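Remarks on the overall topology
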Amino acid sequence: MPLFLTPLKMGNRILLEKSEIVSDPLSTETQEIIKNMLFTIQSIGERVGLAAPQVGILKRVIVYRVPATPVNSRYNNIQMESNVEIPWSVLINPMILSRDEDITFGWEGCVSVPHIMGYVPRSNSIAYTGFDENGVQVHREVSGFHARLIQHEIDHLDGILFPMRVTDMSKFGFEDEIQNNFF
Ligand code: NI
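The notes below deal with the structure included here.

On to helix 2 (residues 144-157). For helix 2, spanning 14 residues, the distance from its first C-alpha to its last is 21 Å, which sits close to the expected 20 Å at 1.5 Å a residue. Of all 14 residues making up helix 2, 14 are buried, and the element is well covered by its neighbours.

As structure tokens, then:
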């Protein structure tokens, strides 16, 4: 039975640390981490990503999904981009290989920053690589919501939370207020 791992919240020092490379994606330890992370984020619901440090594990593992339509109004930027749907997936030792100079702003939220949203600049397209839960290398060139999501999750592995990227603090606030005022 997988374990629910309580997410850490902004203010916890662990979230500011750099995570370690996973030496063996197929090890029992790594497989347990993946199982527990997927169970945790799926239990929380209406979410699109989780990085291992958010549950106190300083390893370079993220789980994510790209919904075709928003699972929550906080992700309403999905609609405009007609993303290809990707079910819950695993990325081990993810790396951004290249990024577009083109920067776009989008609203973000985070399990570790509950009820808060901010308008965050990110590269519009990136190429990334990593390994899935079977140790198979993944290589993708993506843009829009998918690119934003991967950049947000990799930031967690480097100790960066989205509020640290917000450049205009007038577009940072409580989810309900932002949705009523900016959406
Ligand atoms: Ni996050």
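With antiparallel pairing, five strands are arranged side by side in an open sheet as 1-2-3-6-7. The strands lining the two open edges of the sheet, one partner per strand, are strand 1 (49-51) and strand 7 (137-143). For this sheet the average axis-to-axis angle between neighbouring strands, irrespective of direction, equals 40 degrees. Contacting strand 1, strand 2 (61-66) and strand 3 (86-99), helix 1 (residues 28-44) runs over the sheet at an angle of about 110 degrees to strand 3. Seen against the sheet, helix 2 touches strand 1, strand 2, strand 3, strand 6 (125-131) and strand 7 and runs at an angle of roughly 160 degrees to strand 2.

Taken together, the protein donors to the nickel ion comprise Cys 110 (SG), His 152 (NE2) and His 156 (NE2), at separations of 2.1 to 2.3 Å. Here the donor residues of the nickel ion are spaced in sequence according to C-x41-H-x3-H. Taken together, the residues Cys 110 in the loop between strand 4 (103-108) and strand 5 (116-123) and His 152 in helix 2 connect sequence positions 42 residues apart.

In this section: the nonpolar core. Most often, soluble globular proteins have nonpolar side chains that are buried together. By size, the foremost hydrophobic cluster in this structure holds 18 residues, and its most contacted members are Ile 62, Tyr 64, Leu 91, Tyr 128 and Ile 150. Listed by contribution, the elements that provide at least two residues to this core are strand 2, strand 3, strand 6, strand 7 and helix 2. No other element matches the six residues that helix 2 contributes to this core. Other than its neighbours up to four places away in sequence, Ile 150 contacts Ile 62, Tyr 64, Leu 91, Ile 126 and Tyr 128. Counting 16 residues, the second-largest nonpolar core is a separate cluster that includes Leu 38, Leu 50, Ala 52 and Ile 57.

With antiparallel pairing, three strands are arranged side by side in an open sheet as 4-5-8. The sheet is open, and its two edges are formed by strand 4 and strand 8 (172-174), each paired on a single side. On average, each strand axis in the sheet is inclined to that of its neighbour by 25 degrees, with strand direction left out of account. Pairing geometry for strand 5 and strand 8, over three bridges, is antiparallel. Residue pairing across strands places Ile 116 opposite Phe 174, the latter belonging to strand 8. Against the sheet, helix 3 (residues 175-182) touches strand 4, strand 5 and strand 8, its axis set at about 115 degrees to strand 8.

By secondary structure assignment, the location of Asn 93 is in strand 3. Residue classification places Asn 93 among the buried residues on the basis of a relative accessible area of 14%. In this view, Asn 93 contacts Ile 21, Val 22, Arg 60, Thr 129 and Gly 130; residues no more than four positions away in its chain are not counted.

Calculation rules
- Starting from 1, residues in each chain are numbered consecutively following that chain's sequence as written.
- Given that this is a predicted model, residues contribute local features only at a pLDDT of at least 70 and side-chain atom pairs are listed and counted only at 80 or more, while totals for whole chains, interfaces and linings are drawn from all residues.
- With hydrogens and water set aside, each side-chain value is computed from the structure's full complement of heavy atoms.
- Runs of E in the DSSP output that reach at least two residues are strands. Runs of H or I that reach at least four are helices, and both are numbered from the N terminus.
- A helix's residues, less one, multiplied by 1.5 Å, set its expected span.
- Here the term buried applies to any residue with accessible area under 20% of the maximum for its type, exposed to any over 50%, and partly exposed to those in between, with areas from a 1.4 Å probe on protein chains only.
- Note: two strands are recorded as paired if DSSP finds a minimum of 2 bridges between them.
- Only C-alpha atoms enter the line fits that serve as axes; for helices the fit covers just the stretch in contact. Angles between N-to-C directions range over 0 to 180 degrees.
- Any two residues having at least one pair of non-hydrogen atoms within 4.5 Å are treated as being in contact.
- Atoms of type N, O and S within 2.8 Å of a metal are treated as its donors, and for Na, K and Ca the window is 3.2 Å; water is not considered, so some sites may appear to be missing partners.
- We call a set of buried residues a nonpolar core when its members are Ala, Val, Leu, Ile, Met, Phe, Trp, Tyr or Cys and they connect through side-chain atoms within 4.5 Å of each other.

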